[in-house]
Amino acid sequence: MDRLTEFFQANLVLSLVFAGLTVALVYTEIARLFRGFKGITPAQLTDLINREGALVLDIRGQGEFEKGHIIGSRHLLPSQVDPEGKLLAKAKESPVVVVCAAGITASGVAGRLVKAGYKQVSILEGGIGAWQQAGLPLAKGKA
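An account of the accompanying structure is given in this report. (Residues numbered from 1 in each chain as written. Predicted model: local features only at pLDDT ≥ 70, side-chain atom pairs only at ≥ 80, totals over all residues. Heavy atoms only, no water.)

Considering helix 6 (residues 106–115)
To keep things clear, this is the line we draw: Relative accessibility decides the category of a residue: with a 1.4 Å probe and only protein chains considered, values under 20% of the type maximum give buried, values over 50% give exposed, and everything between is partly exposed. Strands are runs of DSSP state E lasting at least two residues, helices are runs of H or I lasting at least four, and both sets are numbered from the N terminus onward. Any pair of residues with heavy atoms lying within 4.5 Å of one another is described as a contacting pair.
Along helix 6, the residues that are buried comprise Ala106, Val109, Ala110, Gly111 and Leu113. Against the buried residues of helix 6 lie strand 2 (55–58), helix 5 (86–89), strand 4 (96–99) and strand 5 (121–124). At the C-terminal side of helix 6, Gly117 shows a positive phi close to 100 degrees.

Overview of the sheet that holds strand 4
Heads up, the condition is: Paired strands, in this sense, are two strands between which DSSP finds at least two bridges. Where helices are involved, their axes are fitted lines through C-alpha atoms of the stretch in contact, as for all axes, and angles between N-to-C directions lie from 0 to 180°.
Read across the open sheet, the five strands follow the order 1-5-4-2-3; overall the sheet is parallel. Bordering the open sheet on either side are strand 1 (38–40) and strand 3 (74–75), each of which pairs with just one other strand. Here helix 6 sits on the sheet and contacts strand 2, strand 4 and strand 5; the angle it forms with strand 5, its principal contact strand, is near 175 degrees.

Topic: the side chain of Asp58
Using the following cut-off: Here a polar contact is taken to be a pair of N or O atoms separated by no more than 3.5 Å, where protein atoms must pair a possible hydrogen donor with a possible acceptor and residues adjacent in sequence count only if both atoms sit in side chains.
Examined against the element boundaries, Asp58 turns out to sit in strand 2. For Asp58, the side chain forms a polar contact with the side chain of Arg60, separated by 2.8 Å. Asp58 has contacts with Phe65, His69, Ser73, Arg74, His75, Leu76 and Val99, leaving out every residue within four places of it along the chain.

Structural notes on the environment of Phe7
Note on placement: Phe7 falls in helix 1 (residues 2–10). Distance in space between the C-alpha atoms of Phe7 and Lys142 is 60 Å, their sequence separation being 135 residues.

Quick word on helix 3 (residues 42–52)
To keep it simple, the criterion reads: By definition, the arc is the one covered by directions from the helix axis to the C-beta atoms.
Taken together, the buried positions of helix 3 are occupied by Pro42, Leu45 and Leu48. Within helix 3, the buried residues cover an arc of 115 degrees as seen down the axis, which keeps them to one side. Those residues of helix 3 that are exposed and angled more than 90 degrees off the buried face are Ala43, Asn50 and Arg51. Against the buried residues of helix 3 lie strand 1, strand 2, strand 4, strand 5 and helix 7 (127–133).

Some thoughts on the nonpolar core
What counts, and what does not: Nine residue types can take part in a nonpolar core, namely buried Ala, Val, Leu, Ile, Met, Phe, Trp, Tyr and Cys, and a core is a set of them joined through side-chain atoms within 4.5 Å.
Ranked by size, the top nonpolar core spans 18 residues in total, and within it Leu57, Ile59, Val81, Leu88, Val98 and Leu113 carry the most contacts. Of all elements in the fold, only strand 2, strand 4, helix 6 and strand 5 reach the threshold of two or more residues within this core. The element contributing the most residues to this core is helix 6, with four residues. In contact with Leu113, other than residues within four places in its own chain, are Leu57, Val81, Pro83, Leu88, Val96, Val98, Tyr118 and Val121. One finds Leu48, Ile70, Val99 and Trp131 within the second-largest nonpolar core, a separate group that totals eleven residues.

With respect to the pairing of strand 5
Applied cut-off: Viewed with both strands pointing away, a crossover whose connecting path from the first strand over the helix to the second turns clockwise is right-handed.
Here strand 5 shows two buried faces, one formed by Val121 and Ile123 and the other by Ser122 and Leu124. Two elements, strand 1 and strand 5, share three bridges in a ladder whose sense is parallel. Directly across from Gly39, in strand 5, lies its bridge partner Ile123. Both strand 4 and strand 5 contribute to a ladder of three bridges, which runs parallel. Within strand 5, the residue paired with Val96 across the bridge is Val121. Between strand 4 and its parallel partner strand 5, the chain crosses via helix 6, and the hand of that crossover is right-handed.

Distances and angles like these do not, on their own, reveal function.
See the structure below:
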């Protein structure tokens, strides 16, 4: 134990960086548990679409969407996602999956849906890139 204390004292900056990263990692994992939505894999998304008719919202730009999107997905920009809107109003109790390019932007939209009372909200972990890496098909053009 004395050697550990000696190491921390001799490497104060390194020790502080380590402590900061540890706190950040713990905070991130705790926040993930309480965010109200879950991340799913491409295989889980396929299952949700086939078994439960999940509504897939693609929030990428129009050009990216037209180059390739998940078959049956609906395109909305993040600013157009209205939890009380016509498209989403029917899906309050059914699965809704938000898809973006890399799985990062979708979290904000999913959080808004959860706050609006949606019960089964998910995001595609890794976004459309994960879908492509899984070798799953994409549709081209407008939905």
